[in-house]
Amino acid sequence: MAGGSEFDGILTGSEYDWYQRASKLLESGNSAAASILFERLREINSSPSVLEGLGRALFDAKRYVEAEVVLDELVQSAPDNDYAHFALGLSLWRQQKFVPARDHLAMAFVMKPQRSEYGSALSQVKSTLRHRTEQSMPLEGPIARQDEL
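Note that the coordinates shown come from a computational prediction; the quantities given were computed from them, not determined experimentally. (Residues numbered from 1 in each chain as written. Predicted model: local features only at pLDDT ≥ 70, side-chain atom pairs only at ≥ 80, totals over all residues. Heavy atoms only, no water.)

A. Region of interest: the side chain of Asp82. One can find Asp82 in helix α5 (residues 82–94). Of the residues examined, Asp82 reaches a relative accessible area of 11% and is grouped as buried. If we ignore the near neighbours within four places in the chain, the residues touching Asp82 are Ala108, Met111, Lys112, Arg115 and Tyr118. (Helix = DSSP H or I, 4+ residues; strand = E, 2+ residues; numbered from the N terminus. Buried < 20%, exposed > 50% of the residue type's maximum accessible area, 1.4 Å probe, protein only. Contact = heavy atoms within 4.5 Å.)

Here it is in structure tokens:
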């Protein structure tokens, strides 16, 4: 493939075709490839659906810092999107940013209390915050091991 990219064949068609391909990659568990395609698509179309797809792909690829940035952009552009708040809350949680995680998970839960995964995630983050407060531990970040003190 002289001078070509591995994505030459996959980037044919319309933006909708790209979106469908990226979504299929994500659903099949290939989040790394999906994130590349969603990132390319975002360069020409940063619609909420593209941002959500990219945020999901980055999260699934365990790229939580990048997912946070994209999902925060999604929340800013679509503050009434319950899933955006939920996904951003999960990304923050994975980074041990428990206070903002709680706030976004709470917002998602208030918007859609029937979504059990929203309530479950919120309960877990609140429990972590409660435990850390009771034990006089920092509310964010890793906890030092006893042998490191």
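B. Here's a closer look at the pattern of salt bridges. Summed over all chains, the structure comprises eight salt bridges. The partner of Arg102 in a salt bridge is Asp103, and the shortest N-O contact between them spans 3.1 Å. Take Arg102: its relative accessible area is 29%, and that puts it in the partly exposed class. Using a relative accessible area of 40% as the deciding quantity, one classes Asp103 as partly exposed. When the shortest N-O distance is used, the salt bridge between Arg115 and Glu117 registers 2.4 Å. The exposure class assigned to Arg115 is partly exposed, which follows from its relative accessible area of 31%. Residue Glu117 is classed as partly exposed on the basis of its relative accessible area of 31%. Connected through salt bridges with shared partners, the residues Glu39, Arg63 and Glu66 form a single ionic network. (Salt bridge = Lys/Arg side-chain N within 4 Å of Asp/Glu carboxyl O.)

As far as function goes, none of this settles anything; it's purely spatial.
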